[in-house]
Amino acid sequence: MNSLTFALGIITIVVMVAYVSAVFAYVLKNKFTISFLKLASIGIFTAMMASMLNALTFYITTTRSLLNTATAFVIGMALMTQPLVATFIGVIHGGLSRKGLTRAIGVSFTGLIIWNEVSMGIFLYYLFNPIIIHFDYYHIFYSLSFVYALSYGINTIYFLVPMTVEMAVLYFVYKPKGMHKYAAISIFTMDLVSPTILGNNDFVFIGGVLEMAIMIIFMVIFLEYIASHRLLMPKKDAYHIKMIFIDYLFMGIGTFLGTIMLKPFGLVWIFYAMGIIFGMWYYYHSMFLENINKALPENKEKIPRKVRAAKPRNLIFFVLLSSFIIEFLMAASMDFATYDYVPFYRFIDTVPVYSGVSVTSVYVHIVLREFISPFVPATTGVSNFLVLYDMAGGVYKFTPVSIFIEIFYIIGYITESSPFLIIMGLEMGALVISRIRKLADRGKKINLAFALTAFAIYTVAGPNFLNPIWYNKLPLWLSTGYEAALYPYLVLPLIGSYVLYAFLALLFGRRSYCSTLCPAAVMYGGSLGQAMVKYNYESKLSKKESGKYFSNTVLSIASMSWILAILASLFSYYYTSTGRLFFSIYGIDPSVFYSYFMWDILWYIFFISIPFTGMSPCRKYGWCSTGTLAGVFSVLGFFKLKVKDKNICKNCTTRDCASSCEVGLSTMPDDFIEKGYFKSVKCVGAGDCIRACPYNNIYFYDVRNFVREKLKIANKHESSSGAMSEMKQQNIITKK
């Protein structure tokens with residue numbers, strides 16, 4: 001690149017940024033008074049700039065010939081006529097007498113800005129990186145050459161930085177409010193840390209991490225806003241939240257597909273480029289739309305902001321679903337872009353052929369010999385996925401059935417991986433911390449702090465304390481017994497974990513596991529989870545299961561979950577102790593596959609469907625065998641919910657204890673009136689009923705209360721015995 005070329009590129013950037021920022025800021029500021037002629041002039045000149053850039057791009061990327069030169073000229077002139085035709089049509093329909101913005105003008109200007117930005121990006125990329133493109137003249141608009149050019153032009157610093165500057169300028173000119181403000185900020189900050197912005201492999205992982213960090217911060221803001229409005233948001237804010245989550249989905253899909261190939265600007269990164277384009281369209285269109293609504297004559301009187309969104313349940317479902325997909329895709333991208341922490345795998349040469357996770361683990365060392373540093377950026381194209389597949393393991397042969405099983409296995413492996421758990425933990429943990437700050441109940445604050453700590457330990461620290469000769473990867477997630485092969489070490493931890501949970505449930509109730517040790521306590525315990533409690537009584541399925549006992553259907557599900565867990569454990573033991581493929585699922589450890597399916601796929605399906613199934617589905621519908629075990633021993637033990645005065649419950653008309661229950665136990669008030677206490681296999685001791693009671697009439701009763709009562713009786717008996725003996729002594733003295 002010579003100095004003249006560099007200077008030309010810089011001048012192009014400065015002129016374009018200054019023009020777009022100044023002109024469109026002027027349009028937004030004069031939204032009520034700007035004339036049709038001024039708008040038409042701006043549109044025509046903007047289109048001229050874009051068409052010139054398109055013509056120049058074609059000219060510098062093709063061989064010098066009369067045909068190519070003529071084609072470049074025709075392209076420029078043909079594109080330049082479009083705004084002239086649009087202006088002529090506007091004049092025919094009486095445009096000369098109009099003032100102010102309209103919806104059609106807003107859409108047109110949005111398209112013009114995007115056209116200019118993309119044209120500039122493509123032109124600058126090829127100006128700084130001279131390449132001769134052999135266009136297919138017969139199929140130019142859908143040939144690979146055109147797609148490559150589009151991907152190259154958008155996924156480059158020459159496009160992303162100028163666009164970010166223009167977005168920031170328009171943001172400070174317009175100053176959007178509410179969720180629009182946060183959505184706008186997140187778009188131009190994410191573009192500034194795009195994985196492709198530096199054009200090299202080394203930044204892909206770093207850019208992906210920064211991009212995900214920005215997503216997490218703003219997703220927490222949006223989810224907290226949804227929770228604070230009890231899922232009923234103003235219509236405008238609901239629109240912005242929906243659009244920004246769609247944009248996040250596009251970016252996640254683009255990053256996921258791009259990191260499989262990993263070469264920035266490659267063909268597969270076109271999907272990421274489409275995500276950037278969608279973000280631009282939403283950003284500029286929303287800016288124009290807000291101003292257009294104010295500029296229209298019928299909207300000059302102030303309209304109340306709080307017009308509620310229609311079908312909020314569908315929106316909440318979409319937000320939950322898109323959040324999971326985004327986190328899954330970004331976690332997978334991190335797994336693809338950068339290999340796992342490798343010092344642990346240096347033990348791999350000692351691993352038997354049929355060890356821990358799968359039969360393919362023996363081949364991992366072949367790949368790992370190439371890497372010596374802890375984090376190794378991948379540069380080998382699609383083999384990034386193959387390396388991840390070798391590390392994850394899976395089926396040993398491919399058939400129609402085994403491919404289906406492998407898909408489930410890979411999904412489970414990614415949702416089990418540290419990147420996914422950390423991403424999800426940061427998001428949901430932030431919502432828990434937000435709730436802790438608002439709570440006045442000190443006991444619940446401690447309970448949620450324990451749940452956060454347990455989640456962090458499960459995710460990051462443990463329990464890779466087992467001999468790596470037998471296990472090549474073993475995070476503890478939800479229950480030790482589900483998570484890995486049982487031979488030779490995990491039989492005792494499996495039994496011991498259930499004994500521990502049963503003992504704690506006897507003493508303190510099901511809350512010792514479900515509301516403290518289980519990671520689901522973090523998912524349900526945050527501000528968003530508490531806002532979704534209302535779905536317990538809005539969901540038809542949930543209302544059918546609102547009693548204190550499990551229905552026959554749920555009992556069947558609970559029994560089946562136990563049978564499958566035991567069978568998976570037995571087959572796992574025999575598979576890992578003998579190495580016989582007969583005991584495996586196409587070479588996958590049965591215990592691991594069962595765990596992945598139950599906790600890394602099915603659990604998230606139920607969590608996402610809370611708007612339609614009600615809160616706490618794993619607790620309510622019986623398919624968590626650990627939870628049902630804790631529930632049974634909770635009923636057999638000391639724990640119960642008690643009331644101080646039954647008469648208060650008789651006169652209560654609110655039934656707030658039932659409506660606030662995380663599990664939706666509607667019969668709770670009836671038991672309080674009849675018995676003065678409430679016991680249920682479903683009760684997880686979340687304590688929302690205690691905090692919701694307007695009379696402060698409910699409290700937890702567990703082994704501590706039992707011991708206090710016994711000590712109190714013993715002390716009372718001892719004091720009464722002492723008093724009697726003292727009276728006897730006084731009588732004896734009197735007689736004497």
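The structure we're discussing is the one just above.
Figured I'd write up the structure that's included with this text. Note that residues are indexed from 1 along each chain, following the sequence as it is written. Totals for whole chains, interfaces and linings use every residue, but because this is a predicted model, local features are given only for residues with pLDDT of at least 70 and side-chain atom pairs only at 80 or more, for both listing and counting. Just so you know, side-chain values use all the structure's heavy atoms and leave hydrogens and water out.

### A few points about helix α4 (residues 103-128)
Part 1: In a regular helix each residue adds 1.5 Å, so 26 residues correspond to 38 Å; α4 covers 38 Å between its end C-alpha atoms and thus fits that length.
Part 2: Across the 26 residues that make up α4, a large majority, 20, are buried. Put simply, DSSP H or I for four residues or longer makes a helix, DSSP E for two residues or longer makes a strand, and each gets a number counted from the N terminus. Multiplying 1.5 Å by the residue count of a helix minus one yields the expected span of that helix. Only protein chains enter the accessibility calculation, which uses a 1.4 Å probe; a residue whose area is less than 20% of its type maximum is buried, one above 50% is exposed, and one in between is partly exposed.

### Section: the packing of helix α23 (residues 552-578) against helix α27 (residues 625-636)
Two numbers describe a pair of packed helices, the interaxial angle and the distance between the axes.
Part 1: Interaxial angles span 0 to 180 degrees and are taken between N-to-C directions of axes, which are lines fitted to C-alpha atoms, for helices over the stretch in contact. The contact between α23 and α27 brings their axes to 9 Å, and the two run at 115°. Crossing angle aside, the handedness with which α23 passes α27 is left-handed. In this structure, α23 uses Ala-558, Ser-561 and Trp-562 to contact α27, whose residues at the interface are Ser-625, Thr-628 and Leu-629.
Part 2: Considered class by class, the residues forming the contact of α23 with α27 number three nonpolar, three polar and no charged. Handedness of a crossing is defined here by the sense of rotation of the near helix relative to the far one, left-handed for an anticlockwise turn of less than a right angle and right-handed for a clockwise turn. Residue contacts follow a heavy-atom distance rule, with two residues in contact if any of their heavy atoms lie within 4.5 Å. Any residue outside Ala, Val, Leu, Ile, Met, Phe, Trp, Tyr, Cys, Pro, Asp, Glu, Lys and Arg is labelled polar, Gly included; the first ten of those are nonpolar and the last four are charged.

### Structural notes on the packing of aromatic side chains
Part 1: Only centres within 6.5 Å qualify two rings of Phe, Tyr or Trp (six-membered ring in Trp) as a pair; their planes then separate them into stacked at under 30 degrees, edge-to-face at over 60, and tilted for everything else. Counted under the stated rule, the structure contains 42 aromatic pairs.
Part 2: A ring pair is formed by Tyr-171 and Phe-172, whose centres lie 5.2 Å apart and whose planes are at 85°; its orientation type is edge-to-face.
Part 3: Assessed through its relative accessible area of 11%, Tyr-171 is described here as buried.
Part 4: Among the residues examined, Phe-172 registers a relative accessible area of 57% and is labelled exposed.

### Points about the side chain of Thr-110
Part 1: With respect to the element layout, Thr-110 can be found in helix α4.
Part 2: Looking at Thr-110, its side chain comes within polar contact range of the main-chain oxygen of Gly-106, at 2.8 Å.
Part 3: Look past the residues within four positions of Thr-110 in its chain and what remains in contact with it is Trp-281, Tyr-284, His-285 and Phe-288. In protein, a polar contact requires one atom able to donate a hydrogen and another able to accept it; more generally it is a pair of N or O atoms within 3.5 Å, and residues adjacent in sequence count only if both atoms are side-chain atoms.

### Focus on the pattern of salt bridges
Part 1: The salt bridge definition used is simple: a Lys or Arg side-chain nitrogen within 4 Å of an Asp or Glu carboxyl oxygen. Applying the stated criterion to the full structure yields eleven salt bridges.
Part 2: A salt bridge links Arg-619 to Glu-662, with the nearest nitrogen and oxygen atoms 2.6 Å apart. Of the two residues, Arg-619 sits in helix α26 (residues 617-620) while Glu-662 sits in the loop between α29 (656-659) and α30 (668-675), which places them 43 residues apart along the sequence.
Part 3: Owing to a relative accessible area of 3%, Arg-619 belongs among the buried residues under this scheme.
Part 4: Take Glu-662: its relative accessible area is 4%, and that puts it in the buried class.
Part 5: When salt bridges with common partners are traced through the structure, they connect Arg-435, Asp-441, Asp-688 and Arg-691 into a single cluster.

### Some words on the packing of helix α14 (residues 400-416) against helix α15 (residues 418-438)
Part 1: Close contact between α14 and α15 brings their axes to 5 Å; oriented N to C, the two are set at 55°. As summarised for this structure, α14 and α15 are arranged oblique, according to the angle between their axes. Where α14 abuts α15, its residues Ile-414, Thr-415 and Glu-416 lie against Ser-418, Phe-420 and Leu-421.
Part 2: The residue inventory of the contact of α14 with α15, partitioned by class, reads three nonpolar, two polar and one charged. These descriptions rest on fixed angle ranges, namely under 35 degrees for roughly parallel, over 145 for roughly antiparallel, 65 to 115 for roughly perpendicular, and the rest for oblique.

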